[in-house]
Structures are given as structure tokens and as C-alpha cells.
Amino acid sequence: QVEVVESGGGLVQSGGSLRLSCVFYGSIFSWYVIEWHRQAPGKQRELVAVITSGQNTNYLDSVKGRFTISRDNAKNTVYLQMNSLKPEDTAVYYCNAVDIRTVRTVREEYWGQGTQVTVSS
């Protein structure tokens, strides 16, 4: 079955950078839209960025200009480059693969285990 595995989280100071990776397994990569979400303790999970198989992207307003989502279809991998990090970016970041064939019906999706990003002040 489909599986996604995130990596790249860690501890960084304000203004620093991290690159998260999401590796996709188990199906045809181009059938899936890949999303990055984050959730801080006590807060709702929020969509940070999304990328389609055609490289179209959308971002949460608060990360525009700082974060870049990209997709390497040859490697079945999506990246989230995070620059100019702020303490409010601290959260667990999750990769989610959404089957584009199912978005109008069941919305089949597959979540990773999450990777912790901590930004110190």
C-alpha cells in the first residue's frame, strides 16, 4: 500500500533553514497531490503547502516567500525548503499523499508519521 516517510526536522535558531523530505512508496507518484501540514501543541493542524504532479503549488499565507515546496518525480520525493524560520513555525510537520482519482469522492489519503521542527528564539 501507499506509504510516505518524512525526514529532515530538527532544532534551528530563528532565521535559520531546514529542508524536509517526503519519500513516496507503493503506487504511481503522478497520481498523487502531496501536501505538507503542520500541527503545534494545542493548535489545529494547518495546511502549509501543496504541490500537484504538474508542479503547481499553493502556500499558507504566513509562509509565502519563506517556504518552497518542490517535487522530484524521478525520485518520488517532495521537499519543503524552509528559510527564515520563526519560532511560530515550530510544529510537527506531516506529509500527506492524496490520490487525485479520489478527491471528488472518498478522498483517499496517506499520512506520514511526522517530523518535529523546533525553532528557537
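The structure we're discussing is the one just above.
About the criteria used
- Residues numbered from 1 in each chain as written.
- Predicted model: local features only at pLDDT ≥ 70, side-chain atom pairs only at ≥ 80, totals over all residues.
- Heavy atoms only, no water.
- Disulfide = S-S within 2.5 Å.
- Helix = DSSP H or I, 4+ residues; strand = E, 2+ residues; numbered from the N terminus.
- Buried < 20%, exposed > 50% of the residue type's maximum accessible area, 1.4 Å probe, protein only.
- Pairing = 2+ DSSP bridges.
- Axes fitted to C-alpha atoms, helices over the stretch in contact; angles between N-to-C directions.
- Salt bridge = Lys/Arg side-chain N within 4 Å of Asp/Glu carboxyl O.
- Polar contact = N/O pair within 3.5 Å; in protein donor to acceptor, adjacent residues only side chain to side chain.
- Contact = heavy atoms within 4.5 Å.

(A) Spatial organisation of the state of the cysteines. Going through the model one piece at a time under the given rule, you end up with one disulfide. Shown here is the disulfide that connects Cys22 with Cys95, its sulfur atoms set 1.9 Å apart. The sign of the -70 degrees torsion about the S-S bond sets the Cys22-Cys95 disulfide as left-handed. With Cys22 in strand S3 (residues 18-25) and Cys95 in strand S9 (residues 91-99), the pair connects residues that are 73 residues apart, well separated along the chain. As far as the burial class goes, Cys22 and Cys95 line up, both buried.

(B) Looking closely at unusual backbone geometry. Non-glycine residue Ser84 carries a positive phi angle of around 50 degrees. Within the element layout of this structure, Ser84 appears in the loop between strand S8 (77-82) and S9. The backbone of Arg107 shows a phi angle near 55 degrees, a positive value even though the residue is not glycine. With respect to the secondary-structure elements, Arg107 resides in the loop between S9 and strand S10 (109-111). The class for Arg107 is partly exposed, based on a relative accessible area of 37%.

(C) The sheet that holds S8, seen in detail. Strand order across the open sheet formed by four strands is S1-S3-S8-S7, with antiparallel pairing between neighbours. Two strands lie at the open edges of the sheet, namely strand S1 (3-7) and strand S7 (67-72), each paired on one side alone. Taken pair by pair, the neighbouring strands of this sheet meet at an average axis angle of 15 degrees, ignoring direction. Pairing of S3 with S8, which is carried by six bridges, proceeds in the antiparallel orientation. When the bridges of S8 are listed, Ser21 appears paired with Tyr79.

(D) Inspection of the pattern of salt bridges at higher detail. Evaluation of the coordinates by the stated rule reveals seven salt bridges. Notably, a salt bridge pairs Asp89 with Arg38, separated by 2.9 Å at the nearest N-O pair. Of the two residues, Asp89 sits in the loop between S8 and S9 while Arg38 sits in strand S4 (residues 32-39), which places them 51 residues apart along the sequence. We classify Arg38 as buried; its relative accessible area is 5%. Its salt-bridge partner being Asp99, residue Arg101 comes within 2.7 Å of it at the nearest N-O pair. The class for Arg101 is exposed, based on a relative accessible area of 52%. For Asp99, a relative accessible area of 3% gives the class buried. Taken together, the shared-partner salt bridges in this structure form one network comprising Arg38, Glu46, Arg66 and Asp89.

(E) Spotlight on the side chain of Thr77. Tracing the backbone shows Thr77 in strand S8. In terms of polar contacts, Thr77 uses its side chain to reach the backbone carbonyl oxygen of Lys75, at 2.9 Å. When near neighbours in sequence (up to four residues on either side) are disregarded, Thr77 contacts Ser21, Cys22, Val23, Phe29, Ser70, Arg71 and Asp72.

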